[in-house]
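# Inside the fold
Here is how the chains run, residue by residue.
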Amino acid sequence: MKADPIGVATGSHYMDGDHACAEGAMAAGCRFFAGYPITPSTEVAERISERFPMIGGIFIQMEDELASMAAVGAAAWAGTKSMTVTSGPGFSLMMENIGLAAMIESPCVVVNVQRGGPSTGLPTLTGQADMMQARWGSHGDYEIIAISPNSPQECFDLTITAFNLSERWRVPVLFMMDECVGHMTEKVVIPEANKIDVTPRKFYKGDKKKYKPHKLDGSANIAPMIKAGDGYFIHITGLTHDNRGYPIINAEAQDINVRHLVDKIRNNEEMIRIIEEDQIEDAEVIVLSYGITSRVALKAVNEARAKGVKVGILRLIVVWPFPESLIRELSRKIKTFVVPEINMGQISLEVERCCEGRAKTIHVPHAGGWVHDPDDILKVIVKGAK
Amino acid sequence: MNNPDVQPLTDTLHIPQPEEELPHPMEEFLRTERLPHIWCSTCGIGTVITAFITGLQKSGLEREKVAVVSGIGCSGRAAGYLRLDSFHSTHGRAIPFATGLALGNPELKLVVISGDGDIIAIGGNHFIHAARRNINLSIICINNFNYAMTGGQAGPTTPIEANASTAPYGCYEFPFNLPHLAESSGAVYVARWTSLHIRRLTNSISEALLKPGFSFIEVISPCPTLYARRNRLGTGLDLMRFYHDNAKIKHGTDTRKLDIEYQDEIIVGKFLDKDKPTFLEKRDDFLKSKLGDKFVPYMGPKA
């Protein structure tokens, strides 16, 4: 399906990542927004509050992030595409209802414009230290999809991708920006609506009595949804449930329910995967990065190549589910993965796990507040090639 | 024991035969395949469910357009037994979850049925803000003065002196006066009944369902297994007798005067019924006045 032109601000813009993300959401068909102000994400909410009344969307500023996320997960069952936006402290508060959205399989998008943590940390300065929280933040076992853009243009394009993936897999998609990308202003080209692919909600159209809100088989064949108010009389619960949505409190039902939530994403990782590779054919060292750090790493990689080091680039655009099979395969061919991140070691742990000792993993840490010095990455690349 | 003077009971009663079995009048509103329910014998929640179904039938609202949201706790299980669009959300978040549904599909009338701990303690912030915004929600708050699902802990409604598992020497915190909280936060309809006042509660539920905006009904309800037993108040039936003797119907009472003391008089009635634009009515009128033709109303979910 193509985008509805009413939500598409076609043209060439000079725009920051936060605003581009808001435009991407509107182009993707998002018409319900519930959020709570927090630096450095507030500009997304501001732009939506200004534009929604003119495109037929509902904006509500809730009392906190708990409420925002609860409303966003619910709005999916009203039939709308819904989104919320936050940063670290608010992301922590959203975890409870991100878990609910995962459990009841509500398609929705949660934007986290990451800042330095823990706690209040660095409200106005960048960080990438919520990546593990995105994966593991709510209690229990489940899988989500997380996307990391590295430019305002990608904030537009990939927000649409985030909505499309959330509809495809009926899962919350976490859009993991960072303060640098959110506040960076660059050229953003918004195409015409008929050039934008939008995944529509898959609605059930059959015998009302036979509708089951969940298909708990872990396959890529996801159950269609219905809208509350259409006379299906569905029951939806955060308790462990069967395919009717009825609570069943025993180990067998838990096994079926949890395996489904995990398998539908984990087993289909290759279908969900979005990566960018460069110069990895002859590489002995691969710099694996995501978000703003991928742009800093590029400079280091180019300098290393100029010095004759065989180094390539692997950028994760979809960070979760993690491309395990790809890393495993590459670890058989190269000496070292260099993983710069604005945290004290998060995605590097996943790389190390998948290498299983076949290749070295060297993390280049940064506690947050600013991006890496490319020289710090360069030094590690050179070391990794030895 | 065969006394020829005593007629066997079965001869005096008409026992329906299988072929003439009639459905229960509320059967279509219940997920009968999920019965028996989890509630204790003589718990008041079942009575509230009966009053809700009857009130809903009386309201004449289209059943398809009514959705129920519950939080967590004994009363939080209400949604699971009702054959309506029903949602069992997270602890305290029934109101924001219902807000998402109410704004996402404005054709719906949302009803939140949940407990005092869920709505007023962990969900207290959501309660006051949904009331302030006048979201189109009917809140039925079943108040049993304690957290029953987890074993009878003290909560924000536990009266001073009442014993609870986390107030083993008696509760010493000042409890909330729920109707006053609702009114001062912006609710347009406020009533309180006990689970003894079935007919009046049913009428109130029917009125609240037809009232656009944030309506609030508190239902004082017996918890025989925990609150009553721990405080040696007898069975659920004894508490119903207590409500009979101590509940005073005083419509229109100033909500500031509705505090509940331990085992003391309980003032019940309808305290507030006023008109105010709902969140969506206010929003649409306001934005239309500011944006003119540029304003595009929310069209609801697209099929």
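Residues numbered from 1 in each chain as written. Chains lettered and ligands numbered in written order. Predicted model: local features only at pLDDT ≥ 70, side-chain atom pairs only at ≥ 80, totals over all residues. Heavy atoms only, no water.

### What about the overall build of chain A?
Counting its regular elements, chain A contains 13 helices and 16 strands. By the compact-globule yardstick of 21 Å for 386 residues, chain A fits well, its C-alpha radius of gyration being 21 Å. Seen through its C-alpha atoms, chain A measures out along the principal axes to roughly 70 × 50 × 40 Å. In chain A, which comprises 386 residues, the proportion classed as buried is 66%. Here the contacts in chain A between residues at least 6 apart in sequence split such that 78% fall between residues at least 24 apart. Carbon together with sulfur atoms contributes 53% to the accessible area of chain A, which is approximately 13,400 Å² in total. On chain A, the mean spot of the 41 positive side-chain charges and the mean spot of the 48 negative ones are 6 Å from each other. (Helix = DSSP H or I, 4+ residues; strand = E, 2+ residues; numbered from the N terminus. Rg over C-alpha atoms; globule rule 2.2 N^0.38 Å. Buried < 20%, exposed > 50% of the residue type's maximum accessible area, 1.4 Å probe, protein only. Contact = heavy atoms within 4.5 Å. Areas by Shrake-Rupley, 256 points an atom, 1.4 Å probe, with all protein chains shown as cover. Lys, Arg positive; Asp, Glu negative; His and termini not counted. Charge placed at Lys NZ, Arg CZ, Asp CG, Glu CD.)

### Re the environment of Ala247 of chain B
Residues and elements named next belong to chain B. Relative to the helices and strands, Ala247 is located in strand S7 (residues 247-249). Overall, Ala247 belongs to the buried group, its relative accessible area being 14%. When neighbours within four sequence positions are excluded, Ala247 is seen to be in contact with Thr194, His197, Phe242, Ile266 and Val268.

### Details of the interface of chain A and chain B
Taken together, the contacts link 48 residues of chain A with 47 residues of chain B. When the two sides are added together, the surface that chain A and chain B hide from each other amounts to roughly 3,800 Å², 62% of it contributed by carbon and sulfur. Of all residues in chain A, Ile58, Glu63 and Phe233 of chain A bury the most surface against chain B, accounting for 18% of the area lost on that side. Inspection of the region where chain A meets chain B yields two salt bridges. Here chain A and chain B share 23 residue pairs in polar contact (both at pLDDT 80 or more) between them. Elements supplying a minimum of two residues to the side of chain A that touches chain B: strand S2 (30-35), helix H2 (42-55), strand S3 (58-61), helix H3 (65-78), helix H4 (88-103) and strand S10 (235-237) of chain A. A per-element tally of the side of chain A that touches chain B places H3 of chain A first, with nine residues. By the bridge criterion, three bridges tie S10 of chain A to strand S2 (residues 85-88) of chain B in an arrangement that is parallel. Residue pairing across strands places Thr237 of chain A opposite His88 of chain B, the latter belonging to S2 of chain B. (Buried area = accessible area lost by both parts, 1.4 Å probe. Salt bridge = Lys/Arg side-chain N within 4 Å of Asp/Glu carboxyl O. Polar contact = N/O pair within 3.5 Å; in protein donor to acceptor, adjacent residues only side chain to side chain. Pairing = 2+ DSSP bridges.)

### Section: the packing of helix H1 (residues 17-28) of chain A against helix H6 (residues 152-169) of chain A
All names here are of chain A. Direction vectors running N to C along H1 and H6 enclose 35 degrees, while the axes themselves pass 7 Å from each other. Taken as a pair, H1 and H6 cross one another with a handedness that is right-handed. Of H6, the residues touching H1 (which contributes Gly17, Ala20, Cys21, Glu23, Gly24, Ala25, Ala27 and Ala28) are Pro152, Cys155, Phe156, Thr159, Ile160 and Phe163. (Axes fitted to C-alpha atoms, helices over the stretch in contact; angles between N-to-C directions. Left-handed = near helix turned anticlockwise from the far one by under 90°.)

### Focus on H1 of chain A
Residue and element names in this part refer to chain A. Taking 1.5 Å of rise per residue, twelve residues should cover 16 Å, and H1 covers 16 Å from first to last C-alpha, within 8% of that figure. Of all twelve residues that make up H1, eleven are buried, and the element is covered over most of its length. Listed in full, the buried residues belonging to H1 are Gly17, Asp18, Ala20, Cys21, Ala22, Glu23, Gly24, Ala25, Met26, Ala27 and Ala28. With a side-chain oxygen positioned 3.2 Å from the backbone nitrogen of Asp18, the residue opening H1 is Asp16. Among the residues trailing H1, Gly29 stands out with phi positive, at a value near 105 degrees. (Expected span 1.5 Å × (residues − 1).)

### Describing the packing of aromatic side chains
All names here are of chain B. Taken as a whole, this structure holds twelve aromatic pairs over all chains when the rule is applied. Residues Trp39 and Tyr81 carry aromatic rings whose centres are separated by 5.0 Å and whose planes lie at 70 degrees to one another, so their mutual orientation is edge-to-face. Of this pair, Trp39 sits in the loop between helix H1 (9-12) and helix H2 (45-59) while Tyr81 sits in helix H3 (residues 78-81), and the two are 42 residues apart along the sequence. Tyr81 carries the same exposure label as Trp39, and that label is buried. (Phe/Tyr/Trp six-rings, centres within 6.5 Å; stacked < 30°, edge-to-face > 60°.)

### Let's talk about the pattern of salt bridges
All chains considered together, the criterion is met by 38 salt bridges over all chains. Among the salt bridges present, the one from Arg295 of chain A reaches Glu186 of chain A, with a minimum N-O distance of 2.5 Å. Of this pair, Arg295 of chain A sits in helix H10 (residues 292-306) while Glu186 of chain A sits in strand S9 (residues 185-190), placing them 109 residues apart in sequence. On the basis of relative accessibility, which here comes to 32%, the residue Arg295 of chain A falls in the partly exposed class. The shortest N-O distance in the salt bridge between Glu107 of chain B and Lys65 of chain B comes to 3.1 Å. Highlighted residues: Glu107 of chain B in the loop between helix H4 (94-104) and strand S3 (109-115) and Lys65 of chain B in the loop between H2 and strand S1 (66-70), separated in sequence by 42 residues. Relative accessible area serves as the criterion here: at 54%, Glu107 of chain B is assigned to the exposed category. Salt bridges linked by common partners bring Glu324, Arg328, Glu350, Arg353, Glu356 and Arg358 of chain A together as one network.

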